Structures are given as structure tokens and as C-alpha cells.
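Structural overview for review
The chain contents come next:
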Amino acid sequence: MDVVDFAKSKGRRRTVYISSTLAATGGFVTGYDVGAIASILVLPTFLDAFPDLDTNLQSVLLMVTLAAGAIGAFTSGFFCDHLSRRYTIVLGAFIFVVGLILQIIGLKTGVLFTGRIVASFGGGMITCTIPLYHSEIAPADIRGRLISLFSVMVSAGTLVGYFVTFGTSYLTTNWSWRAVWLIHVIVCAFLGVFAWFLPFSPRWLIDHDRHEEALQILSSLRELPVEHHQIQDEYHEIKAELELEHTFGHRTYIELFKKGNRMRSYMSAGLSAGSALTGTQAVSYYAPAIFKNAGLSDVSTSLAATGGMGAAALLGTCVTVMWLDKFGRRVYLISGAFTLFASMMIIGAMFSCFAETDSDGNILMTSMSARNVVIAFLFIFNFVYNATLEPISFVLPAEVYNMRCRAKGLAFVTGLWWICAIFTTLIMPPLSAIYPAAPYYLFGGCSFVAAIMMCTFPETKDLTLEQMEQLFSK
């Protein structure tokens, strides 16, 4: 079948955009969590409420948060295949709500840890499931844009999390941090309720022999009659591919590494790991502390600067939504990774030449010009990462796998991202203590390796999910 048959869909796009935007609210939920916890950890009222939560225990808190997210991502493949993509989003949202309630009501470190673990498990499920859902309802020519909506919402959520905490930082009671999580509960509940009414993935329905329902949903998503040739052609293409996949027997994770899937797994895992190893999660979590090290010693000022960095990230993801399906995946990935390499190396050079460590282990920037360079390139890093690697690390794995392996493949690479994020988050404080520039040089080196690897990736824009089989069978 010719690519242009589906690359230029004739139906209207209102229904698929509405469904995708509602589902992408899950990105806001996970992004808000990053912005909130990064800012809450420097609030004096929060630190007073948990006096035993020193710097080392904060690192452990972040580690278990990321580990729970990785487990949630790994297990989401099972739920997506058995419960459906729609109900997995609902389940993840309400697990998140339970965790947030524990964070709000607990004034014991153990309860806080439990809440963070539960919430992050739900967040891991959401992070994996929503790009998967987007990929399966989207027409080929706007698939990158719709999957990138998740990243836009992540950036928007992170920005809102920063500024909500900035606003509550002036409160002198425990509501300075509890109010932040209470707002989060409301947003998560909104996601869980509205996700219940999302249309099922047509591909999941066909995979479960619910053919008439799949046809009706395809018709609704494309806003064309069921008997229209485009609906019939798309339905029969999906059906033929799934019937072939069913002849291969039981689905297992081992298939991800067998012939036919090795290149897809190499691309997806390499992109996911490379994206995380640029240090983005460590920079996001420790942004207020980084700004303090760079010379913005006031808590509220550092939170405001962190919020500005979140605004740069949001702008970057909006650029991707507008242009990704026009220019393709490769040019974004390669140019983005090389720019991240340059940004991290310049930040590292500033810390190497102009930073000192006092007797208490605090990092101090001795030059105002160097501080301004660090702040500028942190903004550039966040803008470029969120315009390139961040959204495409969700887009590419969601579109290259076939239906047989898509949920498990995306669960695997999303879990891998969380594991690599654990590594960067854990290694940043001790590396900074040894040599302030070390983590930035490490992240810059990883970005360079990622850029070289991405030069080997094929282009996937404008292909239907079923036509990926032809691309990767060559």
C-alpha cells in the first residue's frame, strides 16, 4: 500500500485532537510532580517538618521515586495488553492519587517515602501508556505531533509545579508544600475521570477481536463514514497485520531482541538511555540547588529562575509539536544531541574555572559573568532537550514496534529511561562534591555519544504503524 494513502488523511481532525489532548493531561500530571518535588525539597517549612531528611536522605528519596517509576513503566506493558490502553491510564491516575494523599497527610518520613513510591509507580504507568495510546489513534502524518503533546504537557506541568511552589513558598505553615500536592490530587483525579471516557485504541480492539467496535471508533476518530474507503483500507491493513502477528504464538519480552526487532530495540533503547544520560532529570530535580550554586542564594529567587527554565522547556516542546512531522525525527535528534553536548561542556567549563567549595561543602561561583553563562546555558539546555530528545524519545519507540511488541517494547524502553535517570540523579551530588564540573562533563560526553548513535537511525515520518514492518524488514 502506498504511503500517501494514509499520510494525507481526508477526514477532519477535531476528535483525534480532543482525545489526544485529554490523554496528554497525564503528561501534565507527571511533569507537575517533577517541578513540585524539586522545589519543595528546598522549602524551609518542608525541611522543618522532616528534620531527619538531610541531603543524603533526599538523594535516597529521589532514587526510590525513580525506581518506583521504572517498575511502573515495566509493568505497564502487561496492563496495556490486558486491560487496554484506556483503562491503564485510569489505573495509573488513581494510583497516583493514593500516593499523593499519603504525601499530604504524613508527617513521618516513612509515610512520605511510601507516598512517593506509590505515586511514582502510577506515574511510570502513565508515562509509558499515553504515548502508546497516542501512536495508535493518530493518522500517520500528525502522529509525531500528537505523541509530542505528551511532552508539551510534561513541560507545562513542570512549569506550573515550579511556580505554584514559588507562590506557596511565602507561606509559613506546612500548607506551603501541602497545598502544592493538594492541587496535584485534583489534576490526577481529573485525568482518571476523563480518561474513562476516552475512545479505545482501534488496534487494541482489533487485537481482541472487537472488530465492529474498532470500525466505529476509527470512523469517529477520522470523522469519516464507516463505509469510506479510507476507513476500510486502514481497518483491513491493521487487521491483516494483526492476523499475521497472531500466527507467531504467545507474546514475550524476548521477542524484542530477536531478528526483526533488534534494530527497533537498538534505536528505542539507545534513544531512551541516551536521552536520560544527558542529565536532564538530574538538572530538573536539582535545578534550584544548581541556581543557588551559581550565585542565586535566595530560595525564592532560585525557584523563580527554575520556573524560567521550565518556561524554556515548554517553548521547546511547542516548537516540536509544530515542526516534527515536517522535518522528521533524525534532524531533530542529531542537531539536538550535539547542542546538548556543547551546552554541558560550557557549563562544566564555568564550574571548572570559577567555582570553589567552602569548608561546609557548599559550591560557590566566584564570577558574576560565569554565573550568567551557567544560567543562560541551563536555559538553552532545557529548551533544546525539550525540543528534540525528550519528545522523540516517546515518539520513536511508540511508532517503530508492531502491535505484537508495542506495549512491551515501550514499557521496556520507558523503564530503561527511569533506570538511567536514577543513575544521573544519584551520581550528581557526589560528583559535584568531588569536582563541581564533573557531572556536566559526564553528561556532555553522554550527549556526544548519543549524537553519534542517532546518525545511524532511519527516518520514520509519514509511515503508518503497519508500514514500519516494511522499513525494518529490509
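Residues numbered from 1 in each chain as written. Predicted model: local features only at pLDDT ≥ 70, side-chain atom pairs only at ≥ 80, totals over all residues. Heavy atoms only, no water.

Per an unreviewed UniProt entry, the chain is named Major facilitator superfamily (MFS) profile domain-containing protein, and its organism is Umbelopsis ramanniana AG. In its Sequence similarities (unreviewed entry) section, UniProt records this for the chain: "Belongs to the major facilitator superfamily. Sugar transporter (TC 2.A.1.1) family." You can read under Subcellular location (unreviewed entry) in the UniProt record for the chain the words "Membrane". (UniProt positions renumbered as here; feature names shortened; annotations may be inferred.)

Let us now look at the overall build of the chain. Within the chain, the regular secondary structure consists of 20 helices and two strands. The C-alpha radius of gyration of the chain comes to 22 Å, within 12% of the 23 Å expected for a compact globule of 474 residues. Across its three principal directions, the C-alpha atoms of the chain cover 75 × 45 × 40 Å. For the chain, with 474 residues in total, the buried portion stands at 61%. A gap of 2 Å separates the mean positions of the 31 positive and 33 negative side-chain charges of the chain. (Helix = DSSP H or I, 4+ residues; strand = E, 2+ residues; numbered from the N terminus. Rg over C-alpha atoms; globule rule 2.2 N^0.38 Å. Buried < 20%, exposed > 50% of the residue type's maximum accessible area, 1.4 Å probe, protein only. Lys, Arg positive; Asp, Glu negative; His and termini not counted. Charge placed at Lys NZ, Arg CZ, Asp CG, Glu CD.)

Each packed pair of helices is defined by two parameters, the angle between the axes and the distance between the axes. Close contact between helix H6 (residues 109-137) and helix H18 (residues 403-434) brings their axes to 9 Å; oriented N to C, the two are set at 140 degrees. Between H6 and H18, the interaxial angle falls into the category oblique. When the axes of H6 and H18 are compared, the crossing they make is right-handed. Contacts from Gly124, Thr127, Cys128, Pro131, Leu132, Ser135 and Glu136 in H6 reach Met403, Arg406, Ala407, Leu410, Ala411, Thr414 and Trp418 in H18. In the contact of H6 with H18, the residues fall into eight nonpolar, four polar and two charged. (Axes fitted to C-alpha atoms, helices over the stretch in contact; angles between N-to-C directions. Parallel < 35°, antiparallel > 145°, perpendicular 65-115°, else oblique. Left-handed = near helix turned anticlockwise from the far one by under 90°. Contact = heavy atoms within 4.5 Å. Nonpolar A, V, L, I, M, F, W, Y, C, P; charged D, E, K, R; others polar.)

As a further point, take the side chain of Thr109. Relative to the helices and strands, Thr109 resides in helix H6. Once residues lying within four places of it in the same chain are set aside, the contact partners of Thr109 are Phe50, Asp52, Leu53 and Leu57.

Before going further, it helps to examine the nonpolar core. Core analysis: the largest hydrophobic core is formed by 140 residues, its most contacted members being Phe46, Trp181, Phe351 and Met454. Considering each element in turn, this core owes the most residues, 14 residues, to H18. In contact with Trp181, other than residues within four places in its own chain, are Ala36, Ile37, Ile40, Phe46, Leu100, Gln103, Ile104 and Leu112. (Core = buried A, V, L, I, M, F, W, Y, C linked by side-chain atoms within 4.5 Å.)

A few words now on H18. Taking 1.5 Å per residue, 32 residues should reach 46 Å; H18 reaches 47 Å between its end C-alpha atoms and fits that length. A bend of about 35 degrees at Met428 is the largest found in H18, and the proline Pro429 appears one to four places after it. Judged by how many residues are buried, H18 sits mostly within the fold: 24 of 32 residues are covered. (Expected span 1.5 Å × (residues − 1). Bend = angle between axes of the 7 residues up to and from the residue.)

So, about the environment of Ser369. Within the secondary structure, Ser369 sits in helix H16 (residues 368-387). In this structure Ser369 comes out as exposed when scored by relative accessible area, which is 53%. Considering only alpha carbons, one finds Ser369 and Met350, 19 residues apart in sequence, at a separation of 9.4 Å.

To locate leftover empty space, one rolls a probe as large as a water molecule over the atoms. Under the counting rule described, the total for this entry stands at two cavities of 30 Å³ or more. Space inside the largest cavity adds up to approximately 470 Å³. Residue assignment for the lining of the largest cavity shows that the elements contributing at least two residues are helix H2 (14-40), H6, helix H7 (143-168), helix H13 (280-293), helix H14 (299-327), H16, helix H17 (389-400) and H18. In terms of residue class, the lining of the largest cavity is made up of 13 nonpolar, 17 polar and two charged. (1 Å grid on protein atoms, 1.4 Å probe; cavity = no way out; pocket = protein on both sides within 12 Å on 5 of 7 lines; lining within 4 Å. Points joined across faces, edges and corners; volume = space filled by probe spheres on them.)

Relative accessible area serves as the criterion here: at 13%, Thr109 is assigned to the buried category. Distance from Thr109 to Phe248, taken between C-alpha atoms, is 49 Å for residues 139 residues apart in sequence. At 2.8 Å, the side chain of Thr109 forms a polar contact with the side chain of Asp52. (Polar contact = N/O pair within 3.5 Å; in protein donor to acceptor, adjacent residues only side chain to side chain.)

Turning our attention to the layout of surface pockets. In this model, the second largest pocket occupies a volume close to 280 Å³. Along its surface, the second largest pocket is lined by 15 residues, and Phe248, Lys259, Asn261, Asn402 and Glu469 are the ones closest to its centre. At the level of secondary structure, the elements contributing two or more residues to the lining of the second largest pocket comprise helix H11 (229-246) and helix H20 (468-473).

Moving on to a nonpolar patch on the surface. Together, Phe94, Phe190, Val193, Phe194, Trp196 and Phe197 give the surface a local cluster of nonpolar side chains, amounting to about 630 Å² of exposed area. Its location among the elements puts Phe197 in the loop between helix H8 (175-195) and helix H9 (202-207). (Patch = residues over 30% accessible without salt bridge, like charges linked within 9 Å, V, L, I, M, F, W, Y side chains within 5 Å. Areas by Shrake-Rupley, 256 points an atom, 1.4 Å probe, with all protein chains shown as cover. Salt bridge = Lys/Arg side-chain N within 4 Å of Asp/Glu carboxyl O.)

If you walk through the whole model with that rule in mind, you get 16 salt bridges. The salt bridge partner of Arg13 is Asp141, with a shortest N-O separation of 3.2 Å. Of this pair, Arg13 sits in the loop between helix H1 (4-7) and H2 while Asp141 sits in the loop between H6 and H7, and the two are 128 residues apart along the sequence. By relative accessible area, Arg13 is classed as buried at 17%. Classification of Asp141 as buried rests on a relative accessible area of 15%. With its nearest N and O atoms 2.8 Å apart, the salt bridge here joins Arg85 to Glu136. Of the two residues, Arg85 sits in helix H5 (residues 85-105) while Glu136 sits in helix H6, which places them 51 residues apart along the sequence. Glu136 shares its class with Arg85; the two are buried.

Attention now moves to the side chain of Asp33. Locating Asp33 in the fold gives a position in helix H2. With near-sequence residues (within four places) excluded, Asp33 lies in contact with Phe96, Arg116 and His184.

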